[in-house]
Amino acid sequence: MKHLLKLGDLSSREITDILNLADQLKFEKYHGERKPYLGGKTLGMIFTKASTRTRVSFEVGMYQLGGNALFLSGSEMQIGRGEPAEDTARVLSKYLDGIMIRTYKQSEVEKLAEFSDIPVINGLTDYCHPCQVLADLMTIRERKGSFKGKKLTFIGDGNNMANSLIVGAVKTGMEIAVACPKGYEPDAEIIKWGTQNGKVTITDDVKAAAEGADVMYTDVWASMGQEGEAELRKEKFKGFCIDSELMKLAKKDAMVLHCLPAHRGEEITAEVLEAHADEIFAEAENRLHAQKAVMVTLMGGKK
Ligand code: CP
Ligand code: NVA
């Protein structure tokens, strides 16, 4: 494993290894044995979209691993003025030990990786959000014990989160049901791969999707870059909301996860979010541990 560009590139074994290491690093953090696995190393973090969790968890994660992180705003770098990704990659490879990038196009992340001598980590594109789903998987395993026989239900837009959750569920052996309005389905290639390799259902029937779920998941109706469609989407996505009525169809002990930021009253009610705040904020915390595991794995730290 050289980069983390999308979860589809990882084997089930590689995902399990990252989750195991994440659990180990979380244990070490809380038991006073924090080790400088990436001492003296530097991660560059390129952002062309906003972030709270990704930026802070990567930066703090590098610090806790004995290294350093640089926040590189896309708009203040030459890449924002048209310098090609292939040149940026070759230059940054001379200074840094790893690059994390959050941007729009998956192809830009792939191009950066192609020309980079150092690991590239995808911190979200329009296509996928692998770091978030590693943290989600960590949280599910932590709270449910295993993935075996579990049903994950995603309600909402067939966006980057839905794409990565399908791949993550199939690779860990969970069933996944995605309920989205017609015309807002996840990526067609991912659906095809998912249905061939696992138990994947795509439907516009929210209730059928929620039936018997162990984990209920949702995300915003309008992602970063889709702000202009927000009003239209509010119409199209009416009913694609996790509320207490829908929760009655899931298992009694079902968890609720949300990658955040959340829009209360749209994809999730305030009531459900607050009732499951413990799970949702544990999920946010696990970004830190899962990403530390990714960085140690990719950036050559000792375990
Ligand atoms: N969930 C997530 O990626 O959050 P940020 O956009 O705040 O990084
Ligand atoms: N789908 C959302 C996820 C944010 C973490 C977005 O891309 O804006």
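Residues numbered from 1 in each chain as written. Chains lettered and ligands numbered in written order. Predicted model: local features only at pLDDT ≥ 70, side-chain atom pairs only at ≥ 80, totals over all residues. Heavy atoms only, no water.

Novice: When you look at the overall build of the protein in this model, what are you seeing that I'm missing?
Specialist: Along its length, the protein carries twelve helices and nine strands. For the protein, the C-alpha radius of gyration of 19 Å lies close to 19 Å, the compact-globule estimate for 303 residues. With respect to the three principal axes, the spread of C-alpha positions in the protein is 55 × 45 × 35 Å. Taken over 303 residues, the protein has a buried fraction of 56%. Of the contacts made within the protein by residues no fewer than 6 positions apart, 76% connect residues no fewer than 24 positions apart. If you sum the accessible surface of the protein, you get close to 12900 Å²; carbon and sulfur atoms cover 50% of it. (Helix = DSSP H or I, 4+ residues; strand = E, 2+ residues; numbered from the N terminus. Rg over C-alpha atoms; globule rule 2.2 N^0.38 Å. Buried < 20%, exposed > 50% of the residue type's maximum accessible area, 1.4 Å probe, protein only. Contact = heavy atoms within 4.5 Å. Areas by Shrake-Rupley, 256 points an atom, 1.4 Å probe, with all protein chains shown as cover.)

Novice: Please clarify how the nonpolar core should be interpreted in this entry.
Specialist: Nonpolar side chains in soluble globular proteins tend to be buried together. Ranked by size, the top nonpolar core spans 55 residues in total, and within it Ile121 and Met295 carry the most contacts. Counting residues in each nonpolar core, the second largest holds 24 residues, with Val206, Trp221, Leu246 and Val272 among its members. (Core = buried A, V, L, I, M, F, W, Y, C linked by side-chain atoms within 4.5 Å.)

Novice: Would you mind going over the site of ligand 1 with me for this structure?
Specialist: Surrounding ligand 1, one finds Ser51, Thr52, Arg53, Thr54, Arg102, His129, Gln132, Cys259, Leu260 and Arg287. Between ligand 1 and Arg102, the relevant distance is 2.8 Å, taken from an oxygen atom to a side-chain nitrogen or oxygen of the residue. Contact with the protein chains covers 95% of the free accessible surface of ligand 1, which is 260 Å². A per-class count over the shell around ligand 1 returns two nonpolar, five polar and three charged. (Near = heavy atom within 4 Å. Polar contact = N/O pair within 3.5 Å; in protein donor to acceptor, adjacent residues only side chain to side chain. Nonpolar A, V, L, I, M, F, W, Y, C, P; charged D, E, K, R; others polar.)

Novice: Looking at this structure, how should I read the UniProt feature "domain: Aspartate/ornithine carbamoyltransferase Asp/Orn-binding" (unreviewed entry) in the protein?
Specialist: With numbering aligned to this structure, UniProt lists the feature "domain: Aspartate/ornithine carbamoyltransferase Asp/Orn-binding" (unreviewed entry) at residues 148-297. Along residues 148-297 one finds 44% helix and 15% strand; the C-alpha atoms at either end are 25 Å apart. (UniProt positions renumbered as here; feature names shortened; annotations may be inferred.)

Novice: Would you explain the site of ligand 2 in this entry?
Specialist: Near ligand 2, the surroundings consist of Leu124, His129, Asn159, Asn160, Asp219, Val220, Ser223, Met224 and Leu260. Within the side chain of Asp219, a nitrogen or oxygen atom sits 2.6 Å from a nitrogen atom of ligand 2. Backbone polar atom of Met224 to an oxygen atom of ligand 2: 2.8 Å apart, as the coordinates give it. When ligand 2 sits alone it has 270 Å² of accessible area, and the protein chains cover 94% of it. Of the residues in the shell around ligand 2, the class split is four nonpolar, four polar and one charged.

Novice: When you look at the side chain of Asn159 in this model, what are you seeing that I'm missing?
Specialist: Tracing the backbone shows Asn159 in the loop between β5 (151-155) and α6 (160-172). Overall, the relative accessible area of 7% leaves Asn159 in the buried class. Within polar-contact distance, the side chain of Asn159 engages the side chain of Asp219 at 2.8 Å. When sequence neighbours within four positions are dropped, the list of residues in contact with Asn159 reads Phe154, Asp219, Val220 and Ser223.

Novice: Would you mind going over the packing of helix α2 (residues 53-64) against helix α12 (residues 277-298) with me for this structure?
Specialist: Helix-helix packing: each pair is described by the crossing angle between the helix axes and the interaxial distance. Between α2 and α12, the shortest axis-to-axis distance is 9 Å and the interhelical angle comes to 50°. Comparing their axes, α12 and α2 come out oblique. The handedness of the crossing between α2 and α12 comes out as right-handed. Between α2, through Arg53, Thr54, Ser57, Phe58, Val60, Gly61, Met62 and Gln64, and α12, the contact on the second element is made entirely by Ala284, Arg287, Leu288, Gln291, Lys292 and Met295. (Axes fitted to C-alpha atoms, helices over the stretch in contact; angles between N-to-C directions. Parallel < 35°, antiparallel > 145°, perpendicular 65-115°, else oblique. Left-handed = near helix turned anticlockwise from the far one by under 90°.)

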